[in-house]
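Here is what each chain is made of, one letter per residue.
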Amino acid sequence: MMISFQNNVLPLKNQLYRLALRITQNAEEAEDVVQETMMKVWNRRNEWQQLESIEAFCLTVCRNVAVDKIRRKDNLAQSLDDTTDVVDHSHSANPEEQTVQHDRIRLVRRLISQLPEKQRCCMQLRDIEGKSYRDIATILDISEQQVKVNIFRARQTIKNQFMQIEK
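## Quick look at the nonpolar core
Next, step 1: Counting residues in each nonpolar core, the largest one holds 35 residues, and the members touching the most others are Leu16 and Leu140.
Next, step 2: Broken down by secondary-structure element, the contributors of at least two residues to this core are helix H2 (13-24), helix H3 (27-43), helix H4 (54-73), helix H6 (117-128), helix H7 (133-140) and helix H8 (144-166).
Next, step 3: The element that contributes the greatest number of residues to this core is H4, accounting for 11 residues.
Next, step 4: Ignoring anything within four residues of it in the chain, the contact list for leucine 140 reads Arg63, Cys121, Cys122 and Leu125.
Next, step 5: In this structure, Ile112, Leu115, Ile158 and Phe162 belong to the second largest nonpolar core, which totals 8 residues.

This is the structure in structure tokens:
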């Protein structure tokens, strides 16, 4: 199969952005990461035909660029609160319920943003991007068992912290 930048790489832009945003926790930096990722992927176009998955390759490059950026700037303390919250109003009967739902979403996002980087990445790729354990392991260069452990720990941490705060 012939891989083309326009048909196979560009459509991954939003997915790369979400991953970069999860890691950097900063919208402008995530945009920079995606742009740098696209350039690195383009510069390695001679290797595309040997790849098993262009998507996994792009996500791996994105993750590495984002992690490098964090290491350089050490901005882990920032939160995702400045991103747009998505609230499904169809199930909320009144403004009070909508506000509670909105607050819970913000809380969960804040809790996710406080997770260790590997747990946050695994959770993003599995629960938000819908990636398989094998794909996540390839992207993050860890074993499938490590992926499962990271996701389990992330979910447990969020659940426990959420329950504590809700009490």
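## Notes on H2
Next, step 1: The end-to-end C-alpha separation of H2 is 16 Å, in line with the 16 Å expected for 12 residues at 1.5 Å each.
Next, step 2: Of the residues flanking the end of H2, it is glutamine 25, one or two places downstream, whose phi is positive at about 60 degrees.

## Things to note about the packing of aromatic side chains
Next, step 1: Counted according to the given criterion, the structure contains 3 aromatic pairs.
Next, step 2: A ring pair is formed by phenylalanine 5 and tryptophan 48, whose centres lie 6.3 Å apart and whose planes are at 15 degrees; its orientation type is stacked. Placement of the pair is phenylalanine 5 in helix H1 (residues 5-9) and tryptophan 48 in the loop between H3 and H4, with a sequence separation of 43 residues.
Next, step 3: An angle of 70 degrees between the planes, with centres 6.2 Å apart, marks the rings of tryptophan 42 and tryptophan 48 as edge-to-face.
Next, step 4: Among the aromatic side chains, those forming a connected cluster through ring pairs are Phe5, Trp42 and Trp48.
Next, step 5: Looking at arginine 126, its charged tip hangs above the ring of tyrosine 133, at a distance of 4.1 Å from the centre.

The rules behind each value
Residues numbered from 1 in each chain as written. Predicted model: local features only at pLDDT ≥ 70, side-chain atom pairs only at ≥ 80, totals over all residues. Heavy atoms only, no water. Core = buried A, V, L, I, M, F, W, Y, C linked by side-chain atoms within 4.5 Å. Buried < 20%, exposed > 50% of the residue type's maximum accessible area, 1.4 Å probe, protein only. Helix = DSSP H or I, 4+ residues; strand = E, 2+ residues; numbered from the N terminus. Contact = heavy atoms within 4.5 Å. Expected span 1.5 Å × (residues − 1). Phe/Tyr/Trp six-rings, centres within 6.5 Å; stacked < 30°, edge-to-face > 60°. Lys NZ or Arg CZ within 6 Å of the ring centre and 35° of its normal.

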